[in-house]
Amino acid sequence: MSSITLSPGLVYYPDYLDRPAQERLLQSLREITKAAPLFTPRMPRTGKPFSVRMTGCGRLGWVSDKAGYRYQPTHPETGAPWPAMPDQVLRAWESLGAYPYPPDACLVNFYEPAARMGMHQDKDEEAFDAPVVSLSLGDTALFRYGGLERTDPTRSVRLRSGDAIVFGGPARLIYHGVDRLMPGSSDLLPQGGRLNLTLRKVTTPL
DNA sequence: GAGTAGCA
DNA sequence: ACGC
């Protein structure tokens, strides 16, 4: 499998999932959203909605509302436990994550064609020794990444359907975001858009 | 500061 | 740069 190191600890795997694997993963995500519908996260304090909608699977899910960012074991609207993580997702973690414990959370972000994600760090976890593994499905995204300080210089890379990217070691806490999608760049999702899965170890092992 | 607006 |  080919990989490209974008910056120390940030590794890009183009075409990690072939088309049949993407279709299998998409079918799993349809089942997940049936049990755990997409919801609109909101900014702490202001309540401003994200343009991305999200859900998740696994033991814990990430939610954001006026009260703040947090991981919790239940869906914020239905109150039900998150659906189980598909085997395919666990296998991706095992092959890309190189971490001796299974992930606690798989966040599923759905980008409509106009959705964006501002630059941020993934730092609501306890286990920063564990990597974050990201899988892309659907329309190509212009992904931007920088360094550990918000003011560090940034670069961008196009993440296409089936690509994976891993934030580990010195890149675990880098700032990153999605500038925009390239509408119509993939026919995987019938109505367009992009799904991004991020696999995380949330709590410290033990 | 996981939001937006606006300008270089 | 803003502002909740």
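Residues numbered from 1 in each chain as written. Chains lettered and ligands numbered in written order. Predicted model: local features only at pLDDT ≥ 70, side-chain atom pairs only at ≥ 80, totals over all residues. Heavy atoms only, no water.

A. Broad picture of the UniProt feature "domain: Fe2OG dioxygenase" (unreviewed entry) in chain A. Within this structure's numbering, the places UniProt gives as "domain: Fe2OG dioxygenase" (unreviewed entry) are residues 102–203. Here residues 102–203 is 0% helix and 46% strand, with 11 Å between the C-alpha atoms at its ends. (UniProt positions renumbered as here; feature names shortened; annotations may be inferred. Helix = DSSP H or I, 4+ residues; strand = E, 2+ residues; numbered from the N terminus.)

B. Expanded view of the layout of surface pockets. For the largest pocket, the calculated volume is near 560 Å³. Lining the largest pocket are 34 residues, and of these M117, H120, Q121, D122 and H176 lie nearest its centre. If you list the elements that add at least two residues to the lining of the largest pocket, you get strand 5 (68–72), strand 6 (105–111), strand 7 (117–120), strand 11 (164–167), strand 12 (176–182) and strand 13 (194–200). For the lining of the largest pocket, the residue count by class is 18 nonpolar, nine polar and seven charged. Of the residues forming the lining of the second largest pocket, the biggest block, four residues, is contributed by helix 1 (residues 19–35). For the lining of the second largest pocket, the class distribution of residues is six nonpolar, three polar and one charged. (1 Å grid on protein atoms, 1.4 Å probe; cavity = no way out; pocket = protein on both sides within 12 Å on 5 of 7 lines; lining within 4 Å. Points joined across faces, edges and corners; volume = space filled by probe spheres on them. Nonpolar A, V, L, I, M, F, W, Y, C, P; charged D, E, K, R; others polar.)

C. Spotlight on the side chain of T140. Looking at the element boundaries, T140 is found in strand 9 (residues 140–145). If we skip the residues at most four places from it in the chain, T140 touches R158, L159, R160, R180, L181, M182 and S185. (Contact = heavy atoms within 4.5 Å.)

D. Spotlight on the sheet that holds strand 10 (residues 155–159). Strand order in the open sheet made by the four strands is 7-12-9-10, with antiparallel pairing throughout. The two strands at the open ends of the sheet, each matched to only one other strand, are strand 7 and strand 10. Each adjacent strand pair in this sheet contributes to an overall mean axis angle of 25°, direction not counted. (Pairing = 2+ DSSP bridges. Axes fitted to C-alpha atoms, helices over the stretch in contact; angles between N-to-C directions.)

E. Up close: helix 1. Taking 1.5 Å per residue as the helical rise, helix 1 with its 17 residues ought to reach 24 Å, and the 25 Å between its terminal C-alpha atoms agrees with that figure. Along helix 1, the residues classified as buried are A21, Q22, L25, L26, L29 and I32. Looking down the long axis of helix 1, one finds its buried residues gathered within 135° of arc, a one-sided arrangement. One side-chain oxygen at the N-terminal end of helix 1 lies 2.9 Å from the backbone nitrogen of A21; it belongs to D18. (Expected span 1.5 Å × (residues − 1). Buried < 20%, exposed > 50% of the residue type's maximum accessible area, 1.4 Å probe, protein only. Arc of directions from axis to C-beta. Polar contact = N/O pair within 3.5 Å; in protein donor to acceptor, adjacent residues only side chain to side chain.)

F. Geometry of helix 2 (residues 87–97). Of all the positions in helix 2, only Q88, V89, A92, W93, L96 and G97 are classed as buried. Buried residues of helix 2, seen end-on, are gathered within an arc of 145° and therefore sit on one face of the element. Residues of helix 2 that are exposed and angled more than 90 degrees away from the buried face: D87 and E94. Packing partners of the buried residues in helix 2 comprise strand 2 (10–13), helix 1, strand 6, strand 8 (132–138), strand 11 and strand 13. A98 occupies a position one or two residues after helix 2 and carries a positive phi of about 50°.

G. The packing of aromatic side chains, seen in detail. Under the defined criterion, the tally for this structure stands at seven aromatic pairs. By way of ring pairs, the aromatic residues F50, W62 and Y69 are connected into one cluster. The cationic tip of R194 hangs over the ring face of Y111; the distance from NZ or CZ to the ring centre is 5.1 Å. (Phe/Tyr/Trp six-rings, centres within 6.5 Å; stacked < 30°, edge-to-face > 60°. Lys NZ or Arg CZ within 6 Å of the ring centre and 35° of its normal.)

H. Focus on the pattern of salt bridges. Applying the stated criterion across every chain, the model contains eleven salt bridges. K34 is the salt-bridge partner of E31, the closest N and O atoms lying 3.3 Å from each other. Linking E31 with K34, this pair stays in helix 1, spanning three residues, or about one helical turn. Take E31: its relative accessible area is 43%, and that puts it in the partly exposed class. Salt-bridge contacts for D179 lead to R144; the nearest nitrogen and oxygen are separated by 2.8 Å. With a gap of 35 residues between them, D179 in strand 12 and R144 in strand 9 connect regions that are remote in the sequence. (Salt bridge = Lys/Arg side-chain N within 4 Å of Asp/Glu carboxyl O.)

I. Structural context of the side chain of Q88. Residue placement: Q88 occurs in helix 2. Side-chain polar atoms of Q88 contact the backbone nitrogen of L25, separated by 3.3 Å. Sequence-distant contacts of Q88, defined by excluding residues within four places in its chain, comprise L17, A21, R24 and L25.

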